[in-house]
Amino acid sequence: MKYVLYFFLICFVMLILLLIMQQIKSENKEELRRDRYSDAGEATGLHVIRCYERILKPVIDRILALLGLIFLSPIFLLLCIVIYVTDPGPIFFCQKRVGKNKEFFMLHKFRSMKMETPHDMPTHLLENPEQYITSVGKILRKTSLDELPQIWDILIGKMSIIGPRPALWNQYDLIDERDKYGANDVKPGLTGWAQINGRDELEIDDKARLDGHYCENLSFKFDVKCFCGTIISVLKHEGVVEGGTGVNKDNRE
């Protein structure tokens, strides 16, 4: 038992050091200021912040994120090795995303695509996106393991476990639609109500509407419902259309 604890401790320390170095490398303040929205930092006023969201939710997020990093650290390190060995290059993929009140932050993922992939273009806008995905990346994306590094983003307070998925900084249509529901007023999440109700298959307006529904009904009970629903969706691989968004099941090519 003692050696098991030592093993997890060593893996955890190594992982934290790796993530800290990546955070320092990716924290480009000039990049985060570029293309900043004129109303960034200002809430729309459409979302009412309740006690749970202000006090309890951040505490739960950080505790679960810390526990997740500790217990998943061996898997993290194994994936780091596999990603680098099979396709040499950066292990993590960092991308500018829209956070709470439309402030930018750098989101972290395991790299699942090749180095020549256009950086700031959503997968669904790429021509033949399959050609850019690495062999390991296909497994990571299918199982959603590429999202694991966002546990770090949760720990440092940039994201929440449950919330609207953070949009790319230039996904103006989605961001504008979310403004109508006050969905940009909450911290983005690792998963959310839209993710268990269609994910990549949703049209932009449907996704924003579902994000708005989450914000309107944000509570501990609803977060638990989203969390459990996510586990089921991941196990069933539901709603994932490689290279697609707004692609209905009946119209998938």
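For clarity, every value in this text was computed on a predicted model and none was experimentally measured.

1. Details of the overall build of the protein
Move 1: For the protein, the count of helices and strands is eight helices and four strands.
Move 2: Starting at the N terminus, the α and β elements of the protein follow one another as α-α-α-β-β-α-α-β-α-β-α-α.
Move 3: Here the protein holds 253 residues, and 48% of them are scored as buried.
Move 4: A sequence separation of at least 24 residues applies to 75% of the contacts in the protein between residues at least 6 apart.
Move 5: Carbon together with sulfur atoms contributes 61% to the accessible area of the protein, which is approximately 13,500 Å² in total.

2. With respect to the confidence of the model for the protein
Move 1: When pLDDT is averaged along the protein, the result is 88, and 89% of the positions lie at 70 or above.
Move 2: Residue range residues 239–253 is modelled with pLDDT below 50. Its contacts to residues more than four positions away, or to other chains, number 35 contacts.

3. Focus on the packing of aromatic side chains
Move 1: Per the stated rule, a full pass over the model turns up 10 aromatic pairs.
Move 2: Centroid distance Tyr37 to Tyr172: 6.4 Å. Interplanar angle 80°. Geometry classified as edge-to-face. In this pair, Tyr37 sits in the loop between helix H2 (29–33) and helix H3 (51–86) while Tyr172 sits in helix H6 (residues 172–179), placing the two residues 135 residues apart along the sequence.
Move 3: You can call Tyr37 buried: its relative accessible area is 14%.
Move 4: For Tyr172, a relative accessible area of 42% puts it in the partly exposed group.
Move 5: Consider the rings of Phe92 and Phe110, whose centres lie 5.6 Å apart with planes at 15°: the pair is stacked. Pair noted here: Phe92 is in strand E1 (residues 92–98) and Phe110 is in strand E2 (residues 104–110), with a separation of 18 residues, a long-range link. For the pair shown, Phe92 and Phe110 are each scored as buried.

4. Details of the nonpolar core
Here is a general trend for soluble globular proteins: nonpolar side chains tend to be buried in one another's company.
Move 1: Of all hydrophobic cores here, the largest spans 39 residues; its most connected members are Leu69, Phe76, Phe110, Trp193 and Tyr214.
Move 2: Looking at this core, the elements that each hand over two or more residues are helix H1 (2–26), H3, E2, helix H4 (135–143), helix H5 (150–155), strand E3 (160–162), helix H7 (204–216) and helix H8 (220–236).
Move 3: No other element matches H3, which puts eight residues into this core.
Move 4: Filtering out sequence-adjacent residues up to four positions away, Trp193 remains in contact with Leu210, His213, Tyr214, Phe222, Lys225 and Cys226.

5. So, H7
Move 1: Its 13 residues place the ends of H7 18 Å apart at the C-alpha level, agreeing with the 18 Å of an ideal helix rising 1.5 Å per residue.
Move 2: Here H7 has its buried residues at Lys207, Ala208, Leu210, Asp211, Gly212, Tyr214 and Cys215.
Move 3: Contacts from the buried residues of H7 go to H3, E3, H6 and H8.

6. Things to note about the pattern of salt bridges
Move 1: Under the defined criterion, the tally for this structure stands at 13 salt bridges.
Move 2: In this structure, Lys96 and Glu31 form a salt bridge, with 3.3 Å as the shortest nitrogen-oxygen distance. Taken as a pair, Lys96 in strand E1 and Glu31 in helix H2 lie far apart in primary sequence, 65 residues in all.
Move 3: When its relative accessible area of 2% is taken as the criterion, Lys96 is described as buried.
Move 4: Glu31 gets classed as buried once you look at its relative accessible area, which sits at 19%.

7. A closer look at a nonpolar patch on the surface
Move 1: Residues Tyr3, Tyr6, Leu9, Ile10, Val13, Met14, Leu17 and Met21 make up a contiguous nonpolar surface patch of roughly 880 Å² in combined accessible area.
Move 2: The residue Leu9 is located in helix H1 in this model.

8. Examining the pairing of E1
Move 1: With six of its seven residues buried, E1 lies for the most part within the structure.
Move 2: In terms of strand pairing, E1 meets E2 through seven bridges, oriented antiparallel. From the neighbouring strand, Phe93 faces E2, where its bridge partner is Lys109.
Move 3: Here E1 hands over to E2 after five residues, with Asn101 in that stretch at a positive phi of 55°.

Conventions used here
Residues numbered from 1 in each chain as written. Predicted model: local features only at pLDDT ≥ 70, side-chain atom pairs only at ≥ 80, totals over all residues. Heavy atoms only, no water. Helix = DSSP H or I, 4+ residues; strand = E, 2+ residues; numbered from the N terminus. Buried < 20%, exposed > 50% of the residue type's maximum accessible area, 1.4 Å probe, protein only. Contact = heavy atoms within 4.5 Å. Areas by Shrake-Rupley, 256 points an atom, 1.4 Å probe, with all protein chains shown as cover. pLDDT = per-residue confidence, 0-100. Phe/Tyr/Trp six-rings, centres within 6.5 Å; stacked < 30°, edge-to-face > 60°. Core = buried A, V, L, I, M, F, W, Y, C linked by side-chain atoms within 4.5 Å. Expected span 1.5 Å × (residues − 1). Salt bridge = Lys/Arg side-chain N within 4 Å of Asp/Glu carboxyl O. Patch = residues over 30% accessible without salt bridge, like charges linked within 9 Å, V, L, I, M, F, W, Y side chains within 5 Å. Pairing = 2+ DSSP bridges.

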